[in-house]
Each structure stands twice: as C-alpha cells, then as structure tokens.
Amino acid sequence: MSESPLVVAISGSLRETSTTCLALEHALSAAETAGATTELVDLREWELPLFDPDDRDRGDAVALRALLDDADAVVLGTPVYHGMVSSALKNALDYLGRDEFRDTTVGLLATAGGGSYGPALEHLRTGVRTVHGWTLPHEVGIRNASDAFDDDGAFVDADIEARVRTLGRMVAANAGTEPKAAV
C-alpha cells in the first residue's frame, strides 16, 4: 500500500440527482480528511453493457478492474430497489471478482426511498464475502434518502452525517489492512 491509500467508491445509482452519489461523496470527503486519496466511480459515466460471461472485457470493464486492482479499499453504494441492490451496481460487480476484492476492506452504504435497506446491505455483504473481500462491521443505511439532504447537499440529520463520515474514516483507516489469520 502507498503512503496515501486509494479508496474507490462505486455508486450504483443512475439517477441524475443521486442521493447515493451524494452520500458517497461525503464518505470520500471523510476518507480524504483521514489521509486517503479517493475516486468516485459514477456508473452513469462508465460504459458497462449487460454482463456477458462469454465476453468479460466489454466496454469499460478492463478499466474498472484496473482501478479496483489499484484500490486499497472500496465503498459500495446502492439505492434500494424492491429491497435489493440496484441492477447497475450488480452489473458492475459481475465484471469484478476475487482478483479485485480478495483481502480488500469494503464499506457498504445503501440509500432507500422508504425505510427498508437491510436486505440490500445483506446482499452486498454476501457478494463481497463470496469474492473474499472484508466488509467493515460499520455500514450505513439511509431511510427516506430524498429528505436526507438540504438544497446544498449537506445532511439534514447530524446522526446520519456522523455515520457516513465514520464509514469514510474507517475505510481509510483499514485500507490495505491484511486480515488476521485464524488461530
């Protein structure tokens, strides 16, 4: 790992006024304050056609894998659709695998239009575990996300802001951390 760890956040929202992107920007700001270099992958700006296992290098897939290979930690952010991870994020994750996530610290964030985000976070934990990544125990779910920010993009609720900033700091602090071997 370099002196300044690289934390990459992937936003699974394709909405132009995305609360997921906004929350990830706050998390990345906290990671930068903690000494990390950061990059936000806004999937609206990436060409990732529907995943085809017979052609894993379509569109920007090679560039996405290279960026994740360089990352010391990752934050995955998703809006919640029908209790699940967005199709955009799931599609991006299908292009990635153990080579990109093995022993990588991963933070999780979900934004819900209503109140239920638990199943989406569980799906992300399961997916990360399957590719041998390490999810932080601190994760963030934001209920009624469209009401979570003021017109300037600041959090309305100080408790939610603190949770998101804690996620960013924890990802930076644990970036590149090798998991302890079982005794």
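Each chain has its residues counted from 1, following the order in which its sequence is written. Note on the predicted model: pLDDT of at least 70 is required for a residue's local features to be given, and 80 or more for side-chain atom pairs to be given and counted; whole-chain, interface and lining totals, by contrast, use all residues. To obtain the side-chain values, all non-hydrogen atoms of the structure were included, while hydrogens and water were left out.

This next bit is on the side chain of Thr105. Elements are defined by DSSP. Helices are runs of H or I of four residues or more, strands are runs of E of two residues or more, and each kind is numbered from the N terminus. Mapped onto the elements, Thr105 comes out in strand β5 (residues 105-111). Any N or O atom pair separated by 3.5 Å or less is treated as a polar contact, with the protein-specific requirement of one donor-capable and one acceptor-capable atom, and with residues adjacent in sequence counted only for side-chain atom pairs. One polar contact links the side chain of Thr105 to the main-chain carbonyl oxygen of Asn174, over a distance of 2.7 Å. Beyond its immediate sequence surroundings of up to four residues, Thr105 is in contact with Asp72, Ala73, Val74, Trp134, Leu136, Asn174 and Ala175. For this analysis, residues touch if any pair of their heavy atoms sits within 4.5 Å.

Another point: the packing of aromatic side chains. Any pair of Phe, Tyr and Trp rings, taking the six-membered ring for Trp, is counted once the centres come within 6.5 Å. Such a pair is stacked with planes under 30 degrees apart, edge-to-face with planes over 60 apart, and tilted for the rest. Applying the stated rule across the entire model yields 2 aromatic pairs. Centroid distance Phe51 to Tyr95: 5.1 Å. Interplanar angle 90°. Geometry classified as edge-to-face. Here Phe51, found in the loop between β2 (37-42) and α2 (61-70), pairs with Tyr95, found in the loop between α3 (87-94) and α4 (98-101); they are 44 residues apart in sequence, far enough to count as distant. Phe51 sits in the buried class, given a relative accessible area of 19%. Classification of residues uses two cut-offs on accessible area relative to the type maximum, computed with a 1.4 Å probe and protein chains only: under 20% is buried, over 50% is exposed, and between them is partly exposed. What makes Tyr95 buried here is its relative accessible area of 3%. On the basis of an interplanar angle of 35° and a centroid distance of 4.6 Å, the ring pair of Phe149 and Phe155 is categorised as tilted.

All right, on to the pattern of salt bridges then. Should a side-chain nitrogen of Lys or Arg be within 4 Å of a carboxyl oxygen of Asp or Glu, the pair is scored as a salt bridge. Counted according to the given criterion, the structure contains 5 salt bridges. For Asp57, the salt bridge goes to Arg65, with nearest N and O atoms at 2.3 Å. Residue Asp57 is classed as partly exposed on the basis of its relative accessible area of 48%. Residue Arg65 is classed as buried on the basis of its relative accessible area, which comes to 17%. Close ionic contact of Glu139 with Arg125 constitutes a salt bridge, the shortest N to O distance being 2.5 Å. Separated by 14 residues along the polypeptide, Glu139 in the loop between β6 (134-135) and β7 (140-142) and Arg125 in helix α5 (residues 118-130) bring together distant segments of the chain. Note on Arg125: relative accessible area 21%, which makes it partly exposed.

Below, the discussion takes up the environment of Leu22. Relative to the assigned elements, Leu22 resides in helix α1 (residues 19-33). With sequence-adjacent residues up to four places away left out, Leu22 is seen in contact with Phe149 and Gly153.

Expected helix span is computed as 1.5 Å times (number of residues minus one). For helix α6 (residues 158-174), built from 17 residues, the straight-helix expectation of 24 Å at 1.5 Å per residue is met to within 8% by its first-to-last C-alpha distance of 24 Å. On its buried face, α6 sits against β1 (6-11), α1, β3 (73-81), β5 and β7. Backbone nitrogen of Asp159 and a side-chain oxygen of the N-cap are separated by 2.7 Å at the start of α6; the cap is Asp157. Downstream of α6 by one or two residues, Gly176 has phi in the positive range, about 75°.

Here the focus is the pairing of β2. Pairing of β1 with β2, which is carried by 6 bridges, proceeds in the parallel orientation. Directly across from Val8, in β2, lies its bridge partner Glu39. A clockwise course of the path from the first strand over the helix to the second, judged with the strands pointing away from the viewer, identifies a crossover as right-handed. In the classification by handedness, the crossover that spans β1, the intervening α1 and the parallel β2 is right-handed. Should DSSP find at least two bridges between two strands, the strands are regarded as paired.

Function-wise, these values are silent; they only describe arrangement.
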